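Reading the structure
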Amino acid sequence: MNLFAIFGDPITHSKSPLMHNNAFIKLGENACYNRIRLEDGERLKETFLSLGLQGANITVPHKEKAYEQADQVEGIATTIQAVNTYIYQEGKVIAYNTDAPGFYQSIQSFGTLQSILILGAGGTAKAVAAICKEKGIKTTVLNRSASRLPFFETLGCTCHTWEDFEVHPFDLVVNTTSAGLKDDSLPAPEETLEQILNQSSNAMDAIYGKQTPFLQKAESKGIPNKDGHDMLLYQGVIAFELFTQKRHSREQITQFMQQGLSL
Ligand code: NDP
């Protein structure tokens, strides 16, 4: 049997085991996916190897450490410098970032987008910005403080803090901060956010499973919006394709992972 797992801390809330195990069962894979709480990120690769895992996902707070420890980093993960997927192949740990393509897949429902405003400048924002730049979308980043902005400036994004931002229209505004996750806070000052939403065609929150105050505002203004459910689903689908070396169709994987998510 091939063994897989997700590493993070905390990890009890993770939906990934439900998604992956449902797809493994329904697609006839002899595989099992567990969750592992790992406090010390320095021990990630060592733990992955000692458990004899075929692949893994990595979540908060270990994505940067996972990048540093990988033997080989593939694709857009080299730009993001954070990874959420490990594959064991020919004695090496190969690392990928599926958050970025997962996000891009999730925004296809909004139609063609030429400009995006990213609220926040953390790990999720890096993945979102990297894929948007790669796809030729004009990308602006708005963060509460300046210290995390140099990464995005190097990427070629337009960057602002709350102090120097002048509102203009965007095709999509996406919240990648944790504001609204466990509280009722907004990802930017209320007045600024009102102006942003008044001039935005679509809104999305990376947070999933709840309507955040940010999404409530978008909804009340009649702006098409969605939470991070599809992003979560598609990062999982793309990781599953890597785990199973594309033996199954994306449609089938998506169907069974979606089913797993609602269990
Ligand atoms: P990080 O901790 O890396 O990012 C934090 C960022 O948010 C920083 O830029 C910080 O600003 C800003 N921030 C935090 N709190 C506030 C606040 N109250 N008001 C304004 N700005 C704030 O977080 P992650 O990137 O790891 O995760 C962000 C969110 O994305 C989480 O809620 C997570 O659940 C979600 N997520 C969803 C995924 C999905 O598949 N749907 C995948 C991954 C994450 P500053 O720099 O000033 O401190």
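It should be noted that the structure appears before, not after, this text.
Here the structure is a predicted model, which is why all the values come from computation and not from measurement.

**Overview of the sheet that holds strand β11 (residues 203-205)**
Read from one edge to the other, the open sheet built from six strands follows the order β9-β8-β7-β10-β11-β12, with strand pairing classed as parallel. Whereas interior strands pair on both sides, the edge strands pair on one side only; in this sheet they are β9 (158-161) and β12 (225-226). Bridging between strand β10 (residues 172-175) and β11 involves three bridges; their strand directions are parallel. The partner of V173 across the bridge, within β11, is A203. Of the strands in this sheet, β7 (115-119), β8 (138-143) and β10 touch helix α6 (residues 123-134), which is tilted by about 170° from β7. Of the strands in this sheet, β7, β10, β11 and β12 are in contact with helix α9 (residues 213-220), which crosses β11 at around 160°.

**Concerning the sheet that holds strand β2 (residues 31-37)**
Pairing between the strands of a sheet comes from backbone hydrogen bonds, and it takes one of two forms, parallel or antiparallel. Pairing in this open sheet of six strands is mixed, and the strands run β2-β1-β3-β5-β6-β4 from one edge to the other. Either end of the sheet is taken by a strand with one partner, and the two such strands are β2 and β4 (72-73). Contacts between helix α1 (residues 16-26) and the sheet are confined to β1 (2-8), β2 and β3 (55-58), with β2 contributing the most and set at about 170° to the helix. Each of β1, β2, β3, β5 (85-89) and β6 (92-96) touches helix α10 (residues 229-243); the most contacted strand, β5, lies at about 5° to it.

**Considering the packing of α1 against helix α11 (residues 250-261)**
Two numbers describe how α1 lies on α11: the axes approach to 7 Å, and their chain directions differ by 130°. Here α11 runs oblique to α1, going by the angle between their axes. Of the two elements, α1 crosses α11, and the hand of that crossing is right-handed. The segment α1 lies against α11, with L18, M19, H20, N22, A23 and K26 engaging F256, M257, Q259, G260 and L261. A breakdown of the residues in the contact of α1 with α11 according to their chemical character gives six nonpolar, four polar and one charged.

The rules behind each value
Residues numbered from 1 in each chain as written. Predicted model: local features only at pLDDT ≥ 70, side-chain atom pairs only at ≥ 80, totals over all residues. Heavy atoms only, no water. Pairing = 2+ DSSP bridges. Helix = DSSP H or I, 4+ residues; strand = E, 2+ residues; numbered from the N terminus. Contact = heavy atoms within 4.5 Å. Axes fitted to C-alpha atoms, helices over the stretch in contact; angles between N-to-C directions. Parallel < 35°, antiparallel > 145°, perpendicular 65-115°, else oblique. Left-handed = near helix turned anticlockwise from the far one by under 90°. Nonpolar A, V, L, I, M, F, W, Y, C, P; charged D, E, K, R; others polar.

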